[in-house]
Amino acid sequence: MTTVPSALSALLEVYSRAGPVFVAGNGAELVADDGTRYLDFVAGIGVNALGYNHAVVRGAIERALGSGLIHVSNLYRTEAGERLAEELVARSFADRVFFCNSGAEANEAAFKFVRKWSGKPEIVAFSGSFHGRLFATLAATDRPEYRKPFEPLVPGIRIVPREDWAAVDHAVSASRTAAVIVEPVQGEGGVRPVDPEWLGFVRELCDSRGVAVIFDEVQCGLGRTGALFAYEQTGVVPDVLTLAKPLAGGLPMGAVLLTGAVAAALKPGDHATTFGGGPLVAGVALDVVRTIAAPEFLAEVRRKGEWLGGRLANLGAGGSRVAEVRGRGLMWGVELTEPAAPFVAAARERRLLVATAGPSVLRLIPPLVIAQRELERGVGILEEVLA
Ligand SMILES: Cc1ncc(COP(=O)(O)O)c(C=O)c1O
């Protein structure tokens, strides 16, 4: 008999995993081992944009398996990665693409690329940021509790107040700064769309000082905000953009999109990864990107997002628990006046999965394919829980 272990005996305890053991998924629902179905407003932390068991992801995996090629290495050419890079270039500001395996890796690569391009050491990040848990990305992540036990972190990376015009003017130096990095919609830091006017100011400042702008769209990119790339909604075009979470339909993949100018600074041997852009993940990602980029798909995300934002805005109306509701597309944060974790647990008891983003923010990032009636059901549960 196969039994699911009741204790996490062999797994390193760096996560506080909660609740059910999931054994299946379909659409926007996860199924637990006792058959209970959960409506999922977490989507594998923004990964499962097409939900579970989507025909596009299944089909792409099956096609890739048919070729027998899962991995070949970057010593040789394979078709899927080249086609995916062309697709991302055709749909964005970028001229070149580098593939890796996660969001943190994409940002680490971006940091190396801008240092090489500029010949300068410093990276400026902003308060509320989350860019990853590796050494350089951790140095750019504004979470003291994540950073402290692992110091010293990578030098040359500083965090300055977000949306503070004077602070960024002071921090960005023509002689020392390689790049600034910013999430156009901050995720882990509380779901905050960053002021586009301030982003425009940062862009001009960086242009005048020979500094690159990196947009981290690991969480907010690829349709999440209702545009293929969140930068399209800001009026600001970056030099470098990082992607990961939803890119390969749940398979691990990251990407760095670069302008030709930055790309020209890199030569063979400057950076590498064994797995990056292999035929299985790239083949799946190609179909995921094409599906999300369809104008009617993005229009649906915007329509559902507007509806969700409208309903959430009313959440606070009845009581004092909700301090603010922020978001765009299908990426929303409900800032509470008290810790959010008990409400995550209460929602789970009612079979709705939501996440936190910092101590007092409930984060709602459902699959982009979620049905209107499922959104309504989820918001209904949230209303009950917050009543
Ligand atoms: C904006 C942003 N950047 C980077 C990362 C790190 O991605 P990964 O966990 O794939 O390393 C995350 C993860 O949550 C993220 O939200």
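Fair warning: this is a prediction, and the values are worked out from it, not measured in the lab.

Draft legend 1. Focus on the sheet that holds strand β14 (residues 331-336). Read from one edge of the open sheet, four strands run β13-β14-β17-β16, paired in antiparallel fashion. If you trace the sheet from one side to the other, it starts and ends with β13 (322-328) and β16 (355-356), each paired once. With two bridges joining them, β16 and strand β17 (residues 361-364) adopt antiparallel strand pairing. Paired with Thr-356 across the strands is Leu-362, a residue of β17. Of the strands in this sheet, β13 and β14 are in contact with helix α11 (residues 295-315), which crosses β13 at around 175°.

Draft legend 2. Highlighting the sheet that holds strand β3 (residues 37-40). Spatially, four strands are ordered β1-β2-β3-β15 in an open sheet, and the strand pairing comes out mixed. Whereas interior strands pair on both sides, the edge strands pair on one side only; in this sheet they are β1 (22-26) and β15 (352-353). The pairing of β1 with strand β2 (residues 29-32) spans four bridges and is classified as antiparallel. Of the residues in β2, the one forming a bridge with Phe-22 is Ala-32.

Draft legend 3. Highlighting the nonpolar core. Val-114, Val-180, Ala-212, Val-240, Ala-255, Val-256 and Ala-285 are the most contacted members of the largest nonpolar core, which has 117 residues in total. Among the elements that take part in this core, helix α10 (residues 279-293) stands out by supplying nine residues, more than any other. Leaving out residues up to four positions away in the same chain, Ala-285 has contacts with Leu-84, Leu-247, Ala-248 and Met-253.

Draft legend 4. Expanded view of the domain arrangement of the chain. Domain assignment breaks the chain into domain 1 (22-53 + 295-386) and domain 2 (56-293). For domain 1 versus domain 2, the separation of C-alpha centres amounts to 25 Å. With 27 residues of domain 1 at the contact, the number on the domain 2 side is 27 residues. Among the secondary structure elements, those contributing two or more residues to the side of domain 1 that touches domain 2 are α1 (43-46), α11, β13, β14 and β17. Take the side of domain 1 that touches domain 2: its biggest share by element is five residues, from α11. Its residues placed into classes, the side of domain 1 that touches domain 2 shows 13 nonpolar, nine polar and five charged.

Draft legend 5. Expanded view of the packing of helix α12 (residues 341-349) against helix α13 (residues 372-386). Viewed as axis vectors pointing N to C, α12 and α13 meet at an angle of 125°, and their least axial separation amounts to 10 Å. The orientation of α12 with respect to α13, classified from their angle, is oblique. In the packing of α12 onto α13, the handedness of the crossing is right-handed. The segment α12 lies against α13, with Phe-343, Ala-346 and Ala-347 engaging Ile-381, Leu-382, Val-385 and Leu-386. Of the residues contributing to the contact of α12 with α13, the split by class is seven nonpolar, no polar and no charged.

Calculation criteria
- Residues numbered from 1 in each chain as written.
- Predicted model: local features only at pLDDT ≥ 70, side-chain atom pairs only at ≥ 80, totals over all residues.
- Pairing = 2+ DSSP bridges.
- Helix = DSSP H or I, 4+ residues; strand = E, 2+ residues; numbered from the N terminus.
- Contact = placed C-beta atoms within 7 Å.
- Axes fitted to C-alpha atoms, helices over the stretch in contact; angles between N-to-C directions.
- Core = buried A, V, L, I, M, F, W, Y, C linked by C-beta atoms within 7 Å.
- Buried ≥ 20, exposed ≤ 12 C-beta atoms within 10 Å, placed from the backbone.
- Domains from an automatic or database assignment.
- Nonpolar A, V, L, I, M, F, W, Y, C, P; charged D, E, K, R; others polar.
- Parallel < 35°, antiparallel > 145°, perpendicular 65-115°, else oblique.
- Left-handed = near helix turned anticlockwise from the far one by under 90°.

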